[in-house]
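# Notes for the structure review
Spelled out, the chains give:
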Amino acid sequence: MKNDLISWHRVAALTRRYAYIYSRNGFRILDIAFWPIMDLLVWGWVSSYLLTREHELPQMVTFLIGAIILFNILYRAQQGITVSFLEDIWSRNLLNIFAAPVRASEFVASTYLVGLAQALVVLCVMATVAWLMYGFALTSVGWCLIPLFLNLLVMGWWLGLFTTALILRFGNQAEALAWAVPFLVQPLSAVFYPVSVLPPFIQPLSFALPSAHVFEGMRMILQKQAFPEEHLLYAAGLNLFYMIGAAFFFAHMFKQARKRGLLSKLVC
Amino acid sequence: MSEPAVEVQNVKKNFGEFTAVADVSFSVPHGQIIGLLGANGAGKTTLIQMLLGLLSPTSGRINILGMDPEHQRVSILQKANFSSAYVSLPYNLKVYENLDIFAGLYGVKKRREKIEGLLEMFGVLHLKDRMTGRLSSGESTRVNLCKALLNDPEVLFLDEPTASLDPDIADKVRKLLAQYRQNNKTTIIYTSHNMRDVEELCDRILFVHGGKIIADGQAHEVLSRFEQSSLEQLFIKIARDGDVSMLAGESRNEE
């Protein structure tokens, strides 16, 4: 039976476009690697300093380095979607894409693949630098790294979809959200500290984010070598819920864009 | 053929209180080139965007190749294509790469052969490895037209394709489009501010003013109805004179 939701040849064509863009522009490749490495250097050296006081702050070093690597997975997955969309706005190509036989679902699927590719590149680059510079082996997380990675990837996807929907609705003035949204959720995600540090009334909000469960899980793994089954299940469930919500939100905003003529306003 | 390629019935588009397109109806038989004329803000681009399914009409019915763009947008766009002077291909990709991507989107077989054939037809094959952002306006327009013909469209929407072109290139583009239509029997809906384009290329003219069609017919018919000697004069008169709508109303009633 013909798949009416997605035609994979079109997803492949859209994805090939991003491969061309990234392979052509060294600065874009640099951009993918530059910021994560800068983050890693700053936090790595902070961690090295803390290492001298490790007796006071046990496990802190590995927590920080692990956290900065995993947060970048979420960030890059989200960027893969929003920046790909912005790329079409900036190059005035968006109408060409939507005047071609491309479903919104196919466009989104191709940006998801870009997000996945970026997240994988960042993971490999950061893990290598962390190992070379600080002797931190991400593999010490073991197979648990896979569900942690997948949960952050999916969260980056729905955050990206949500951000793109807002840009679609509010236009160029909302472009800054592409970079701001991951950092808006960062404090509540308890990336560098446990959720218990947050004020009690904020903790339920924090646990409503899959990322908080992922980082709590990461700390459990690094601390006790225990598998954080409950946190990972919560993260997966929340991701499913938010992904469905983001898909409906995007579909609604796309419909609104067609009703209000926002697609052409984004381009011209 | 019995069913028109494009049929628009009582289509209206409001943006809040503003009416961009007001109760427009027309049909375009297969293989006809129709020129949509009108000043900036007349409603031409809004109309084209509704035909492409990029914009939902407030009311009315659109039918393209027997399909409704609201519900069968992808199926229609598989058989249609679009080019606009105001829409670009990504500047950071080579010409060939851009066309290759769109050929992929349209599911074109033998992509290389098709792309090179079109580039040759428009005299820009030598540019295939050049970055799109480094093309001149004329080169860029011709590459955009190659994109628009990749899928051998049955219906082609061209929104001011010769804007910003010098007269020589504009003439070449017109001749190529005329030849393409001759060979492929493509239905073309063409908007332009260049009256020469319209006179040379279009079988029929729809004059749009204030979101309404105020004249519909062959160029000479429209000119005699408004007692003007050239489309350019008519264009200026309609754009400047508010009372033309009354005259136009009379002319529509006569049809």
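Residues numbered from 1 in each chain as written. Chains lettered and ligands numbered in written order. Predicted model: local features only at pLDDT ≥ 70, side-chain atom pairs only at ≥ 80, totals over all residues.

This paragraph deals with the overall build of chain A. Looking only at helices and strands, one finds 11 helices and zero strands in chain A. Ordering the α and β elements of chain A from the N terminus gives α-α-α-α-α-α-α-α-α-α-α. For chain A, with 268 residues in total, the buried portion stands at 47%. Across chain A, contacts joining residues at least 24 apart in sequence account for 75% of those joining residues at least 6 apart. (Helix = DSSP H or I, 4+ residues; strand = E, 2+ residues; numbered from the N terminus. Buried ≥ 20, exposed ≤ 12 C-beta atoms within 10 Å, placed from the backbone. Contact = placed C-beta atoms within 7 Å.)

Moving on to the overall build of chain B. Regarding its fold elements, chain B presents 10 helices and nine strands. Relative to the globule expectation of 18 Å for 255 residues, the C-alpha radius of gyration of chain B, 18 Å, shows essentially globular dimensions. Referenced to the eigenvectors of the C-alpha coordinate spread, the extents of chain B come out at roughly 55 × 40 × 35 Å. Burial status across chain B gives 48% buried among its 255 residues. In chain B, the share of contacts with a sequence separation of at least 24, taken over all contacts with a separation of at least 6, comes to 68%. (Rg over C-alpha atoms; globule rule 2.2 N^0.38 Å.)

In this section: the sheet that holds strand E6 (residues 155-159) of chain B. Residue and element names in this part refer to chain B. Taken in spatial order, the six strands line up as E5-E6-E7-E3-E8-E9 in an open sheet, and their pairing is mixed. This sheet does not close on itself; its edge strands, each paired only once, are strand E5 (80-84) and strand E9 (212-217). For this sheet the average axis-to-axis angle between neighbouring strands, irrespective of direction, equals 15 degrees. With four bridges connecting them, strand E3 (residues 33-37) and strand E7 (residues 187-191) associate as parallel partners. Within E7, the position partnered with Ile-34 by the bridge is Ile-189. The strands touched by helix H8 (residues 219-226) within the sheet are strand E8 (204-209) and E9, with E9 carrying the most contacts at an inclination of about 120 degrees. (Pairing = 2+ DSSP bridges. Axes fitted to C-alpha atoms, helices over the stretch in contact; angles between N-to-C directions.)

One finds Leu70(A), Ile73(A), Leu152(A), Leu51(B), Ile189(B) and Phe207(B) to be the most contacted residues of the largest nonpolar core, which totals 153 residues. Here this core takes 16 residues from helix H3 (residues 60-90) of chain A, the largest share from any one element. Leave out the neighbours within four places in its chain, and Leu70(A) touches Leu148(A), Leu152(A), Val214(A), Phe215(A) and Met218(A). (Core = buried A, V, L, I, M, F, W, Y, C linked by C-beta atoms within 7 Å.)

Below, the discussion takes up the confidence of the model for chain B. Residue and element names in this part refer to chain B. In the predicted model, chain B carries a mean pLDDT of 87, and 93% of its residues have values of at least 70. Counting interchain partners and residues more than four positions distant, the pLDDT-below-50 stretch residues 248-255 has eight contacts. Under the prediction, the complex receives an ipTM of 0.84, its pTM being 0.82. (pLDDT = per-residue confidence, 0-100.)

A separate point is the sheet that holds strand E1 (residues 6-15) of chain B. Residues and elements named next belong to chain B. Spatial ordering of the open sheet is given by E2-E1-E4, a layout of three strands whose pairing is antiparallel. Looking at which strands have only one partner, the edges of the open sheet turn out to be strand E2 (18-28) and strand E4 (59-64). With direction set aside, neighbouring strand axes in the sheet form an average angle of 20 degrees. Pairing of E1 with E2, which is carried by seven bridges, proceeds in the antiparallel orientation.

Contact residues are listed per partner, giving 29 residues for chain A and 26 residues for chain B. Sorting the residues of the side of chain A that touches chain B by element identifies helix H1 (8-24), helix H4 (94-98), helix H10 (229-260) and helix H11 (262-267) of chain A as the ones contributing at least two each. The element that contributes the greatest number of residues to the side of chain A that touches chain B is H1(A), accounting for nine residues.

This brings us to helix H4 (residues 111-121) of chain B. Residue and element names in this part refer to chain B. Inspection of H4 places Lys-114, Ile-115, Leu-118 and Leu-119 among the buried residues, and these make up the whole buried set. Viewed end-on, H4 has its buried residues packed into an arc of 125 degrees, placing them on one side of the element. On the buried face of H4, the contacting elements are helix H3 (95-105) and helix H5 (137-149). Phi for Gly-123, located one or two positions after H4, is positive at around 70 degrees. (Arc of directions from axis to C-beta.)

Its location among the elements puts Gly60(B) in strand E4. With near-sequence residues (within four places) excluded, Gly60(B) lies in contact with Gln9(B), Asn10(B), Val11(B) and Lys12(B).

Bringing the environment of Val191(A) into the picture now. Residues and elements named next belong to chain A. Along the chain, Val-191 turns up in the loop between helix H7 (177-189) and helix H8 (203-207). Spatially, the C-alpha atom of Val-191 lies 9.0 Å from that of Phe-63, the residues being 128 residues apart in sequence. Residues in contact with Val-191, not counting those within four places in the same chain, are Ala-67, Phe-71, Gln-186 and Phe-215.

On to unusual backbone geometry, then. Residues and elements named next belong to chain B. Of note, the phi angle at Asp-152 is positive, near 45 degrees, even though the residue is not glycine. With 14 C-beta atoms packed within 10 Å, Asp-152 lands in the partly exposed category. Located in the positive-phi region is Glu-160, a residue other than glycine, with phi close to 50 degrees.

Residues and elements named next belong to chain A. Following both chains from N to C, one finds H3 and H7 inclined at 155 degrees, their axes separated by 9 Å at the closest point. On the basis of the axis angle, H3 is roughly antiparallel to H7. Considering the relative orientation of H3 and H7, their crossing is right-handed. Contact residues: Phe-71, Leu-74, Tyr-75, Gln-78, Thr-82, Val-83 and Leu-86 in H3; Ala-178, Val-181, Pro-182 and Gln-186 in H7. (Parallel < 35°, antiparallel > 145°, perpendicular 65-115°, else oblique. Left-handed = near helix turned anticlockwise from the far one by under 90°.)

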